[in-house]
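Here is what each chain is made of, one letter per residue.
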Amino acid sequence: LAPAIAASGSLASISLAANNLRVEGATVLALAISASGSLAVCDVRHNSISGDGASQLAAAVLENINIEKFNEVPIKEMRSDSFTKLHLGGKSIGVEGAIIVAGLLPAMGSLTAFNLSYNCIGDEGAAALATAIAINGSLASLDLSFNELGVEGAKTLAPAIAASGSLTSINLSTNQLCGLDYCGCGTYTAEGIEQIAGAVRASGALASCNLRSNLLKYETKRILCAQVKDRTTFKLEL
């Protein structure tokens, strides 16, 4: 299939969603997308793509100026900075989609509100987004709830939250920031959430942080509350 995609001069849209492509299939597809001169729309959601497969696929998409939409991410409009508010909640863009978003976000100087909830980006997607969040100078509101973010995701996002001079509200609810899933399975650690607490304290712009449904223990909540005890207008949801 990949050689056909690369060789076709007329193929404009393809959906390979839910085909178990995984890393190997994504790597091959990346080569085809790089070579395609006609492909504008591509959907590879629900394929368990991560690691090198996700990064190579995202790089190929970003480098191909003909791609207008990938995994429901409106690349054409994002390139042209057409949004002040963007809602991609529930699109299941995956890790590869998050890497693409991260590649486009720094140049989106008009964007103030971004909803990326319910997208299964995980820690790998969070790591890709972190740098972009830190350097985008306009983003004020970011929703990353329901994204399977774990301890490592918390660690990578914390410096971005602290560094952003524009971010006033962030929603990290219903994730796994302390290592426990929604059923309470896993190993509890406050290491990541304590770094989030430090970022909340360090940020001069942040005014609201939603951490609900992360199965935080009392002591962890106490640490978080201590960071904002002197900021009477700060909205901390635990």
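Whatever comes next refers back to the structure up there.
First, a word on scope: everything that follows refers to the structure included in this document. Since this is a predicted model, take the numbers as computed values, not measurements.

1. Description of the overall build of the protein
Looking only at helices and strands, one finds nine helices and nine strands in the protein. Since a compact globule built from 238 residues should have a radius of gyration of about 18 Å, the 19 Å found for the protein is in line with a globular shape. With respect to the principal axes defined by its C-alpha atoms, the protein has extents near 60 × 40 × 20 Å. Buried positions account for 51% of the 238 residues belonging to the protein. Sequence separation of 24 or more characterises 80% of the internal contacts of the protein that already satisfy a separation of 6 or more. Approximately 10,200 Å² of the protein is accessible, and the part contributed by carbon and sulfur atoms is 53%. Charge-centre separation for the protein: the mean point of 16 positive side chains lies 9 Å from the mean point of 20 negative side chains.

2. Looking at the sheet that holds strand β3 (residues 69-70)
Sheets are built from strands that pair by backbone hydrogen bonding, the pairs being arranged parallel or antiparallel. The parallel open sheet is built from three strands, whose spatial order is β1-β2-β3. Here the strands that pair on one side only, and so sit at the sheet edges, are β1 (13-15) and β3. Of the pairings in the sheet, the one linking strand β2 (residues 41-43) to β3 comprises two bridges and is parallel in character. Each bridged residue has a counterpart across the sheet, and for V41 the counterpart in β3 is K69.

3. A closer look at helix α8 (residues 191-202)
For the α-helix, the turn length of 3.6 residues means that residues three or four positions removed from each other point alike. Helix length check: α8 (12 residues) gives 17 Å between terminal C-alpha atoms against 16 Å at 1.5 Å per residue, within 8%. Listed as buried for α8 are G192, I193, I196, A197, G198, A199 and V200. The inward-facing, buried residues of α8 abut α7 (151-163), β8 (208-210) and α9 (218-227).

4. What about the sheet that holds strand β4 (residues 85-87)?
Taken in spatial order, the six strands of this open sheet run β4-β5-β6-β7-β8-β9, and their pairing is parallel. Of all strands in the sheet, those bounded by a partner on one side alone are β4 and β9 (235-237). Taking each pair of neighbouring strands and ignoring which way they run, the sheet shows an average axis angle of 0°. The pairing of strand β7 (residues 169-171) with β8 spans three bridges and is parallel.

Conventions we followed
- Residues numbered from 1 in each chain as written.
- Predicted model: local features only at pLDDT ≥ 70, side-chain atom pairs only at ≥ 80, totals over all residues.
- Heavy atoms only, no water.
- Helix = DSSP H or I, 4+ residues; strand = E, 2+ residues; numbered from the N terminus.
- Rg over C-alpha atoms; globule rule 2.2 N^0.38 Å.
- Buried < 20%, exposed > 50% of the residue type's maximum accessible area, 1.4 Å probe, protein only.
- Contact = heavy atoms within 4.5 Å.
- Areas by Shrake-Rupley, 256 points an atom, 1.4 Å probe, with all protein chains shown as cover.
- Lys, Arg positive; Asp, Glu negative; His and termini not counted.
- Charge placed at Lys NZ, Arg CZ, Asp CG, Glu CD.
- Pairing = 2+ DSSP bridges.
- Expected span 1.5 Å × (residues − 1).
- Axes fitted to C-alpha atoms, helices over the stretch in contact; angles between N-to-C directions.

Nothing here speaks to function; it is all geometry.
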